[in-house]
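Residue-level listing of the chains:
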Amino acid sequence: MKRILIVLCLISSTLMAQETKVTSLLSKDLTDIPGKEGLMITVEYPPGGSDPIHRHNADAFLYVLEGSIVMQVKGGKPVTLTPGQTFYEGFDDVHIVGRNASKTKPAKFLVLLVKAKGAPVLVPAK
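Criteria and cut-off values
Residues numbered from 1 in each chain as written. Predicted model: local features only at pLDDT ≥ 70, side-chain atom pairs only at ≥ 80, totals over all residues. Heavy atoms only, no water. Helix = DSSP H or I, 4+ residues; strand = E, 2+ residues; numbered from the N terminus. Buried < 20%, exposed > 50% of the residue type's maximum accessible area, 1.4 Å probe, protein only. Polar contact = N/O pair within 3.5 Å; in protein donor to acceptor, adjacent residues only side chain to side chain. Contact = heavy atoms within 4.5 Å. Pairing = 2+ DSSP bridges. Axes fitted to C-alpha atoms, helices over the stretch in contact; angles between N-to-C directions.

Asks: Residues and numbers for the overall build of the chain, please.
Replies: From N to C terminus, the chain includes one helix and 10 strands. Along the chain, from the amino end to the carboxyl end, the secondary structure elements read α-β-β-β-β-β-β-β-β-β-β. Burial statistics for the chain: of 126 residues in total, 29% are counted as buried.

Asks: So what's going on with the side chain of His54? Residues and values would help.
Replies: Relative to the assigned elements, His54 resides in strand β3 (residues 54-55). At 3.2 Å, the side chain of His54 and the side chain of His56 are in polar contact. With residues near it in sequence (within four places) discarded, His54 still touches Val94, His95, Leu122, Val123, Pro124 and Ala125.

Asks: Can you tell me about the sheet that holds strand β9 (residues 107-116), naming the residues and giving the values?
Replies: Across the sheet, five strands lie side by side as β1-β2-β9-β4-β7; this open sheet has antiparallel pairing. Every interior strand has two partners, whereas the edge strands, β1 (21-29) and β7 (86-89), have only one. Between one strand axis and the next, the sheet turns by 20° as a mean value, whatever way the strands run. Pairing between β1 and strand β2 (residues 36-45): eight bridges, direction antiparallel. Along β2, the bridge assignment pairs Lys28 with Gly38.

See the structure below:
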């Protein structure tokens, strides 16, 4: 019984640790660009964390704050980024790789999105 409890605790803590955390920092209508808004978020990948294939339907500017991440858009090469480095995704890009490069340390990055007002931040893609 003690072994079962230990295994269940390990499984539940592993599942909880695997969630990517997205925090909205600022949303602002861009009055000089009708129908557009700027959205600033932080994304925290847990160790080994990743995103599904997706698109943003926005211009996305990324700045790495902590850790190391791997990013790739369809047709591009994978890029490993560390604190202080940047990445850009265009409106039509499909984000095929977005993951923490480390299996043991978390990673955190800042994203500024310029998108249609009210549009979703992330849209699943194939």
